Amino acid sequence: MDSTRTQVLVAGAGLAGTATSMFLADRGIEPLVVERNPETSLRPKALEPIGLDRARELGAHVRFDTELVSFEQDTLGVTARLVHRPTGTLSQVRADYMIAADGHRSPIRERLGVDTFRSGRVFLAGDAARVTPPTGELGDSTAIADGFDLAWKLAAVLRNQAGPGLLDSYDAERRPVAPELRNLRLRSAAVLIDDEDPALTEDPHRPSGRPGFRAPHVPLRQGGKPVSTVDFFGRDWVLLTGTEGGVWHEAAKHVADRLGIVVRTVGLGPGLTDPDDRLVSAYGIGHGGASLVRPDGVVAWRTDFEVADAAGTLQTVLTRLLARVPSVAVPAGTAR
Ligand SMILES: Cc1cc2nc3c(=O)[nH]c(=O)nc-3n(C[C@H](O)[C@H](O)[C@H](O)COP(=O)(O)OP(=O)(O)OC[C@H]3O[C@@H](n4cnc5c(N)ncnc54)[C@H](O)[C@@H]3O)c2cc1C
């Protein structure tokens, strides 16, 4: 029997599988996507063919007419058996992780028999994870959001930038996200929330910059052109400061090198101005503080003052957020 090795096996090329594959490939992970139908779906949504083409361009492998018929997992990975439907040919895949994006009747979820979004090395995404009523018209965006969340976390773990504990935050953060509660605060080990700050939701028109909520939009000007703070988010960790954040920028460079990750620094200065003088108050960081924003645009941590050991503080913060064991060294060249 033909046997293949992959880092991530994605079962299903609906919106969840397509989005996850595209976001993974964009982060340098080349998943294998299997879809039992001969094409994306009978009624493909706009993103599916486009997203799958993009995922392929970035290195994803796609097999149509191929059904996942069984799987088992152990502590090191997942072994799945596939059948090529037109010929009946069987093949086997060994993967570090598997994503069940196989829709609302998900046989994978049935086989796992769990009511969480994760069982060991298998993650549920999109309709396989929860059924969203068609009338609510939120299933598509939920499937894409699952894919983005899984992709940045899996890529960080597979690139040795984060410990496997980061993956626990997928269930913690995605399961409570009922579609009508999109302003719900994220609570997991991948955000550092002050225990004395119990807010669960906030008015999206009055964002506070508190950890667990989406980083606020603040209009800025860069090189004379209008930009938004949110333009800086979506790929890497971002450390955002006011005009007196120099010490944090030096600390971020130092810590990023030590941890083998990318931390982009964005600070007010001659090249980036804040005409309405809103950034510092919107992010609650004071002039000498800093806000650390995750790759998905969620505030992970903030301080409203300068500290004596900025590098030490930032390293402790990122080590916790990334579920890194402090003594584990990062292989050179893993940052992207
Ligand atoms: C009638 C209807 C109307 C809807 N209208 C809207 C709307 O207007 N707006 C909105 O946001 N949402 C809408 N939704 C919901 C939305 O379509 C879904 O929530 C979303 O597309 C889920 O995508 P998915 O990738 O999780 O699942 P699916 O799109 O179901 O994809 C699952 C894929 O997995 C494949 N698969 C299954 N088992 C296997 C296997 N063993 N091996 C290989 N492949 C497998 C399937 O062939 C399929 O391609 C609607 C749903 C329905 C039913």
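Residues numbered from 1 in each chain as written. Predicted model: local features only at pLDDT ≥ 70, side-chain atom pairs only at ≥ 80, totals over all residues. Heavy atoms only, no water.

K.L.:
Any chance you could explain the domain arrangement of the protein chain here in plain terms?
P.N.:
A common way to report how large an interface is uses the accessible area buried once the components associate. Under the domain assignment used here, the protein chain contains domain 1 (2-181) and domain 2 (219-321). For domain 1 and domain 2, the distance between their C-alpha centres works out to 32 Å. The interface of domain 1 with domain 2 comprises nine residues on the first partner and nine residues on the second. Roughly 740 Å² of surface becomes buried between domain 1 and domain 2 when both sides are summed, with 44% attributable to carbon and sulfur atoms. Looking at the side of domain 1 facing domain 2, the largest losses of area belong to Arg27, Trp152 and Gln161, adding up to 58% of the total buried there. Sorting elements by how many residues they give to the side of domain 1 that touches domain 2 places helix H4 (residues 139-158) first, with four residues. Residue classes in the side of domain 1 that touches domain 2 are distributed as three nonpolar, one polar and five charged. (Domains from an automatic or database assignment. Contact = heavy atoms within 4.5 Å. Buried area = accessible area lost by both parts, 1.4 Å probe. Helix = DSSP H or I, 4+ residues; strand = E, 2+ residues; numbered from the N terminus. Nonpolar A, V, L, I, M, F, W, Y, C, P; charged D, E, K, R; others polar.)

K.L.:
What's the story with the packing of aromatic side chains in this structure? I'm lost.
P.N.:
When we look at a pair of aromatic rings, we describe it by the centre distance and by the angle of the planes. This structure, assessed with the given rule, holds six aromatic pairs. Aromatic side chains Trp152 and Trp237 sit 6.0 Å apart centroid to centroid with 85° between the ring planes, which places their arrangement in the edge-to-face category. One end of the pair, Trp152, is in helix H4; the other, Trp237, is in strand E11 (residues 237-241), and 85 residues separate them in sequence. No difference in accessibility class separates Trp152 from Trp237, as the two residues are buried. Summarising the aromatic geometry, the rings of Trp248 and Trp301 are spaced 5.9 Å apart at their centres and angled 65° between planes, so their arrangement reads as edge-to-face. Here Trp301 lies in strand E15 (residues 299-303) and Trp248 lies in helix H6 (residues 246-259), a separation of 53 residues in the sequence. (Phe/Tyr/Trp six-rings, centres within 6.5 Å; stacked < 30°, edge-to-face > 60°. Buried < 20%, exposed > 50% of the residue type's maximum accessible area, 1.4 Å probe, protein only.)

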